[in-house]
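# Close look at the chain arrangement
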Amino acid sequence: MSRSWKRFSQARGARLGLALLGGLIALALFADLAASDLPLAARVGAHLYLLPCVTRPAALASDDNQSLAARLGPHDWLLAPPVPYGPYAQHPGGITRVLDPPSHRHLLGTDDRGRDVAARLIHGTRIALAVGPLAVAIYLLLGTLIGLLCALGRTGDLVLGRAIEIGLTFPTLFLLLAIQGMSATASLFEVGLAIALTEWPHLARLVRADALKTMASPHVEAARAMGASPVRVALVHVLPLASSAALTTAAFGVGQAVLFETALTFLGFGVPPPLASWGELLSQAQASGLEPWLLVPPTVAIALTVIACNLVGDGVRKMLEEPG
Amino acid sequence: MRPLARLICLTLLAVALSGCKHPPKPGGGPTVVVCGERGCPAESSPETPPRDGGTLVVHVEAEPAILCDLVEHDAWSRWIVENQVAETLLYQDPWSGAIGPRLAKSWELPAGRLILHLRPGVKWHDGQPFTSADVAFTLGRAQDPKVGADQRADLEPIAKIETPDPLTVVLTLGRPAPYLKQALAHISMLPEHAYRGLALRTAPASRAPIGTGPFSFVEWKPGERIVIARNDAYWGPRPHLDKIVFQIVRDKEVAYRLYRRGQLDVMRRLPPGRTVDEARRDPSLTGHRLFLWTPRAYFFIVWNTRKPPLDDARVRRALTELTDKRRFIQIGFDGHARPITGPYVPGTASYDSSIAPWPYDPNDAKRLLAEAGVKKLELTFLLTAGSRTVEQLATLLKEDFARAGVTLDVATVDWAVLLDRLRHHAFDASALQWTLSLEQDNYDMFDSTEADRGQNYGGFHSGAADALMDQIRVTVDDTARHGLERQLHRVLHDEQPYTFLSSPEVATLEAPRVHDLAPSMDGFSFAQAWVDPPKK
Amino acid sequence: MSPLLRRLLLLPPTLLGITLCTFLLLHVAPGDPAEVRAGMGRGVTPESIAAFRAEYHLDEPLATSYLHWLARSARLDFGRSLLDGQPVRDKLAAALPATLSLALLAVALAYLLAVPLGCALAASDGKRWTRLTTSALYCLYALPTAAVGLAALFAGAPYGGRGAGVLFAAASCLSLAAIVKLSRYQRGALLSALRADWVRTARAKGASPARVLYRHALRNALLPMVTLLGAELPALLSGSVIVEEVFGIHGLGLCGFDAVLARDYPVLLGLTTLGAVLTLAGVLVADAAYGLLDPRLRGRST
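What counts, and at which threshold
- Residues numbered from 1 in each chain as written.
- Chains lettered and ligands numbered in written order.
- Predicted model: local features only at pLDDT ≥ 70, side-chain atom pairs only at ≥ 80, totals over all residues.
- Heavy atoms only, no water.
- Helix = DSSP H or I, 4+ residues; strand = E, 2+ residues; numbered from the N terminus.
- Rg over C-alpha atoms; globule rule 2.2 N^0.38 Å.
- Buried < 20%, exposed > 50% of the residue type's maximum accessible area, 1.4 Å probe, protein only.
- Contact = heavy atoms within 4.5 Å.
- Areas by Shrake-Rupley, 256 points an atom, 1.4 Å probe, with all protein chains shown as cover.
- Buried area = accessible area lost by both parts, 1.4 Å probe.
- Polar contact = N/O pair within 3.5 Å; in protein donor to acceptor, adjacent residues only side chain to side chain.
- Nonpolar A, V, L, I, M, F, W, Y, C, P; charged D, E, K, R; others polar.
- Pairing = 2+ DSSP bridges.
- Axes fitted to C-alpha atoms, helices over the stretch in contact; angles between N-to-C directions.
- Salt bridge = Lys/Arg side-chain N within 4 Å of Asp/Glu carboxyl O.
- Disulfide = S-S within 2.5 Å.
- Expected span 1.5 Å × (residues − 1).
- Phe/Tyr/Trp six-rings, centres within 6.5 Å; stacked < 30°, edge-to-face > 60°.
- pLDDT = per-residue confidence, 0-100.

### Re the overall build of chain B
In terms of helices and strands, chain B carries 16 helices and 24 strands. Computed over the C-alpha atoms, the radius of gyration of chain B is 24 Å, within 12% of the 24 Å expected from 2.2 N^0.38 for a compact globule of 536 residues. Each principal axis of the C-alpha distribution contributes one length, and for chain B these read about 70 × 60 × 45 Å. Expressed as a percentage of its 536 residues, the buried residues of chain B come to 58%. Taking contacts inside chain B between residues at least 6 apart in sequence as the whole, the part at least 24 apart equals 70%. Entry remark: accessible area of chain B is about 20,600 Å², with carbon and sulfur atoms responsible for 54%.

### Concerning the interface of chain A and chain C
Contacts between the two partners involve 43 residues from chain A and, on the opposite side, 47 residues from chain C. Interface area for chain A against chain C, summed over the two sides, is near 4,300 Å², with a carbon-plus-sulfur share of 73%. Our count for the chain A to chain C interface comes out at four residue pairs in polar contact (both at pLDDT 80 or more). Broken down by secondary-structure element, the contributors of at least two residues to the side of chain A that touches chain C are α7 (154-169), α8 (172-182), α9 (188-216), α11 (230-267), α12 (278-287) and α13 (292-320) of chain A. For the side of chain A that touches chain C, the element with the highest residue contribution is α13(A), accounting for ten residues. Tallied by class, residues from the side of chain A that touches chain C come to 28 nonpolar, seven polar and eight charged.

### Comments concerning the pairing of strand β9 (residues 215-221) of chain B
All names here are of chain B. Sheet topology note: the β9/strand β10 (residues 225-230) ladder contains six bridges and is antiparallel. Bridging across to β10, Ser 216 finds its partner in Ala 229. Count of turn residues in the β9/β10 antiparallel hairpin: three residues, of which Gly 223 carries a positive phi of about 80°.

### Brief notes about the sheet that holds strand β3 (residues 77-79) of chain A
Residues and elements named next belong to chain A. Strands sit in the order β2-β1-β3 across an open sheet of three strands; the sheet is antiparallel. Two strands lie at the open edges of the sheet, namely β2 (47-50) and β3, each paired on one side alone. Ignoring which end each strand starts from, the neighbouring axes of this sheet average 15° apart. Direction of pairing for strand β1 (residues 41-44) relative to β2: antiparallel, over a ladder of four bridges. Directly across from Ala 42, in β2, lies its bridge partner Tyr 49.

### A short note on the interface of chain C and chain B
In this assembly, 37 residues from chain C lie in contact with 43 residues from chain B. At the boundary of chain C with chain B, total buried surface from both sides reaches about 3,400 Å², with 52% on carbon and sulfur atoms. On the chain C side of the contact with chain B, Met40(C), Arg42(C) and Tyr159(C) bury the most area, a combined 26% of that side's loss. Run the count over chain C and chain B and you get four salt bridges. The salt bridge involving Arg37(C) is made with Glu72(B); its shortest N-O contact spans 2.6 Å. For the pair chain C and chain B, the interface holds eight residue pairs in polar contact (both at pLDDT 80 or more). Of all the secondary-structure elements, those providing two or more residues to the side of chain C that touches chain B are α2 (33-38), α3 (46-55) and α11 (252-262) of chain C. Considering each element in turn, the side of chain C that touches chain B owes the most residues, seven residues, to α3(C). Residues of the side of chain C that touches chain B, tallied by class, amount to 15 nonpolar, ten polar and twelve charged.

### Quick notes on the state of the cysteines
All names here are of chain B. According to the stated counting rule, one finds one disulfide over all chains in the structure shown. Two residues, Cys 35 and Cys 40, share a disulfide whose sulfurs are 2.1 Å apart. The disulfide joining Cys 35 to Cys 40 has a torsion of about 100° about its S-S bond and is therefore right-handed. Like Cys 40, Cys 35 is buried.

### Comments concerning unusual backbone geometry
Of note, the bond from Pro308(B) into Pro309(B) is cis; its omega dihedral lies within 30 degrees of zero at 0°. Although it is not a glycine, Leu51(A) adopts a positive phi angle of roughly 50°. By the secondary structure assignment, Leu51(A) is in the loop between β2 and α4 (52-55). What makes Leu51(A) partly exposed here is its relative accessible area of 37%. Although it is not a glycine, Asp516(B) adopts a positive phi angle of roughly 55°. Mapping Asp516(B) onto the fold places it in the loop between β21 (514-515) and β22 (519-520).

### Some words on helix α16 (residues 478-495) of chain B
All names here are of chain B. Under the 1.5 Å per step criterion, the end-to-end length of α16 is 25 Å for 18 residues, consistent within 8% with the ideal 26 Å. Along α16, the positions that sit buried rather than exposed are Arg 481, His 482, Gly 483, Leu 484, Glu 485, Leu 488, His 489, Val 491, Leu 492 and His 493. For α16, the secondary structure elements touched by its buried residues are α14 (443-446), α15 (463-472) and β19 (498-504). Following α16 by one or two positions, Gln 496 adopts a phi angle in the positive range, close to 50°.

### Quick look at the pairing of strand β13 (residues 289-293) of chain B
Residue and element names in this part refer to chain B. Among the five residues in β13, five count as buried, and that is most of the element. Every second residue of β13 is oriented toward a common face, with Arg 289, Phe 291 and Trp 293 on one face and Leu 290 and Leu 292 on the other, all of them buried. Of the pairings in the sheet, the one linking β13 to strand β20 (residues 506-510) comprises five bridges and is antiparallel in character. Looking at the pairing, Leu 292 lines up with Ala 507 of β20.

### A word on the side chain of Arg120(A)
All names here are of chain A. For Arg 120, the position within the fold is in helix α6 (residues 117-152). For Arg 120, a relative accessible area of 1% puts it in the buried group. Apart from the residues within four sequence positions on either side, Arg 120 is in contact with Pro 87, Tyr 88, Asp 111, Arg 115, Pro 274, Leu 275, Ala 276, Ser 277 and Glu 280.

### Description of the sheet that holds strand β16 (residues 377-384) of chain B
Residues and elements named next belong to chain B. One open sheet holds the six strands; their spatial order is β15-β19-β14-β18-β16-β17, and the pairing between them is mixed. Of all the strands in the sheet, just β15 (337-339) and β17 (406-413) have a single pairing partner and so form its edges. Neighbour-to-neighbour, the strand axes of this sheet turn through a mean angle of 30°, independent of strand direction. The pairing of β15 with β19 spans three bridges and is antiparallel. Within β19, the position partnered with Ala 337 by the bridge is Pro 504.

### What to know about the packing of aromatic side chains
All names here are of chain B. Considering all chains together, one arrives at 25 aromatic pairs over all chains under this definition. Judged by centre distance (5.6 Å) and plane angle (75°), the ring pair of Trp 124 and Phe 130 falls under edge-to-face. Side by side, Trp 124 and Phe 130 carry an identical accessibility label, which is buried. Centre to centre, the rings of Phe 299 and Phe 328 are 6.3 Å apart; their planes meet at 90°, and the pair counts as edge-to-face.

### Observations regarding the side chain of Arg274(B)
For Arg274(B), the position within the fold is in the loop between β12 (266-267) and α8 (276-280). Classification of Arg274(B) as buried rests on a relative accessible area of 15%. For Arg274(B), the side chain forms a polar contact with the side chain of Glu253(B), separated by 3.0 Å. A polar contact is formed between the side chain of Arg274(B) and the side chain of Glu278(B), at a distance of 2.8 Å. Apart from residues no more than four positions distant in its own chain, Arg274(B) is found in contact with Ser288(A), Gly289(A), Glu253(B), Tyr256(B) and Arg260(B).

### Regarding the confidence of the model for chain B
On average, residues of chain B carry a pLDDT of 89, and 94% of them reach 70 or more. This model gives residues 1-25 of chain B a pLDDT under 50, and the stretch forms 15 contacts once residues within four places in sequence are excluded.

### Some points on the environment of Tyr85(A)
Residue and element names in this part refer to chain A. Within the element layout of this structure, Tyr 85 appears in the loop between β3 and α6. C-alpha of Tyr 85 to C-alpha of Val 98: the two residues are 13 residues apart in sequence and 15 Å apart in space. One polar contact links the side chain of Tyr 85 to the main-chain carbonyl oxygen of Arg 105, over a distance of 3.2 Å.

Structure follows, in structure tokens:
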């Protein structure tokens, strides 16, 4: 463990990446504490509410930070989250202007529906960090399995090799549509699945190449000469080597999947509204005259996430490299 | 009197709104032209008379697929072709609805027939004479249900088309046809010789249209522009413009920037992210004209009336009362829309202006739901990705409905899926927009027999409405028909097959060099427009 | 049989598989193109929808329809677009130059910038500015293409049409990721080449550092870069959807985007086939080079 960690931290910035990623995960987990339309804690009319932003009590169903603040009694108090707006509330506080530039009310301005950009940015972390790992998990499984099967025998290779090539050339947009069509509506899972279905062939190709290389290596040939079954060879000799390629790909893959999700949502084929996604903010930036406060924050958020994932990926690669 | 009063009110309101919020600075911002129900005020007469020559560049945000408005329902395909390149037999004023001559110089209405006398000496752009054979050909195609022309239903009463001589067309009517003349004012004549033996969609003349109009087709560069130029052999008054370039710019914001840089002369709509108030105060638009007008169109929520409990009118009314229409207009259209209560053009005799919109009243809605025995209601609202207004509506509905315990799930599907679900009645609710004719036939939206054929997506069926619509369709007398239409308006208001929302206002921008060009529901009439010479 | 020939022989079944998959997927996807085309027009009738289906052979059973398509496309006739009735071949031919020039321009930009950059980074390995540049490249790699394109528009980049300016702006955005990727490969390859025994020998024999770098190491390091070309071109082709949408370029990407929304089957099938041919060509080149480079793979064909 400690040797792995040492090797991991040898990669430049790997620890920084891990810290960044940790921060982002924390932000995603505690998004409701960072940006919510309900307070962290409040005392309203002799009632004490703890974390109503998470528990969402029925008594406050039609309230938000602004309306509560307006009707505070003499002994009441309210502790609002750093960003006192939810990601879905349109025109919180009764302001009807849309596309407000950053101000003391809305630190990052509002979008074209009068929603707070900072709140949507924070909650967008959830989408990015849900879709990325989901997509990677699916294609890791698929890619490794198919890549390994290719290495096992010529017939398998012939058929699956073709499948890989078909997958490699398949247009992403149709896949997404077909997947959307099979269920009633677009959802996060389908976006993840679509990304996975377009990415697995790339991984399968890598695994296959690695596996073929390993199969041709002297120690595998020796094992086969000694009568080891192909499955055993694949599991004992090939998989460990191939899995390092897979793990490295996975670490980098999360960042790529986040970029992918951004692109899909930007084109209008990604996560459905009103979910707060960074790609959606970008498409709003396009549709509303390239307002800088809609363009810059999601770009920075995406870049930070991708950089963090790639830095961690570098570390993982270093960690898995054969010492020496 | 009523429309005039309304126009004055509207103008006053606009002035008051603009006056109190943003005092107009001298020389800052565009000149705002507020159009009423009777059209846009004429340009205050400039010293100079119209000038001949010059090129007008018009922004087109969505490229038409083909330029044959008989089979193509896209708006720009119609606005580029109808009465610019190709012409109709009759002409209908886009605001007053008055019918006048065009390719038919006069007409007679003996019992059971309509006799059209065509204008002599009219030639197609390729030099061939325009004759009654072309009329018979075009009307025959328009009648064919396989073609799917917009006016097909209006032509249904025609039993026989005869052409006794090249300049006369006799239409024999099988039953009264109240909408026939209006239909003839919106069917562009097609040259038979260019379509003989060819499919309408794929014939070369559908990409390079041949007409008789004041402008002739020049070129179409896909993704870039469509160009038409003055037809010097035109039978009518010579247009002023040399050329009109329809510049295709998909990104509306980019188009807005091009417009402000002077590379586009006309923008039919402000980009969706821009508000009228913002444009009004924009000093870089000084000298431009900003037309504010309300197209004949309305937004509505369609309910699947076949699906319990939405088959109960009380439930639909409750949902209408749960919809905060004022807030939707404020948020969805920045206040620039007016509420509408029925499927007719407000201000016309068909529209019963005594009907007030159902109020926003969650308590009454709860009462109605309880009365209908609905305890728990979960609905799915279908929308297509990318339509901002509908997304805003869905978010509002979700909030509003939750107040009465109605759960609204929002499902995003693409256009193809939405259409499929609508046609097969596999939905709960969705929001759509219809455009209206001045004389609107609502048969195919609301008649029970149209649920599986026409556009009655909600499967609405009401004995009272059916009876009224059957009667309306055969009543040629305008006053009597309008009376029946007002009754139908009332029935639809009570039954709420749709939640009628609003008619959004449109802001059209024109550069200072453009003159005598007002927008309307039927596009622009470029024949009178003229431009200043380019500045050196 | 040589592995390359074998691969070539396997191309047709792969291509066939791709078209079959697309064909099936298109028909699984919900939404009827005839209905989409009819839209919400007032005159739409079941007859008009049926007539449209018949006109475009959409009413045939799946198998017949696919065989017909195959037979026609063997003669390079991909049918007509459901959207505007134009022959698909003409539409693709009209859109291909924009996309192809975009992709080729992006590849050219990427190599022209990445090779010298990679060399410079390798030559002055360990210096502070190298570290800074590497970090900057790392950040650039993480930017979404759409955001880069929008920022370029914001900065006043041209939009629409097929002018040199807009193509250049779009190609720059498109090539950004490739530049970073290639320069890192180049740097890595050069560094490892410089450490190789024979380079050390050259150096020991008194060759100047520049000569060692450019004559010996660079040559060797460029080889894998050529292999990357095959892999990079298809990625650029598919990446062009975004930049075409952002910059309003009427290319294959935008064509496909519209076709998906309109369920324009013939155009989609034609596009997939064209894309597959381009991509397969890329993969073929990459595989052939890969086989040449790793002698252990030579004996075993795929």
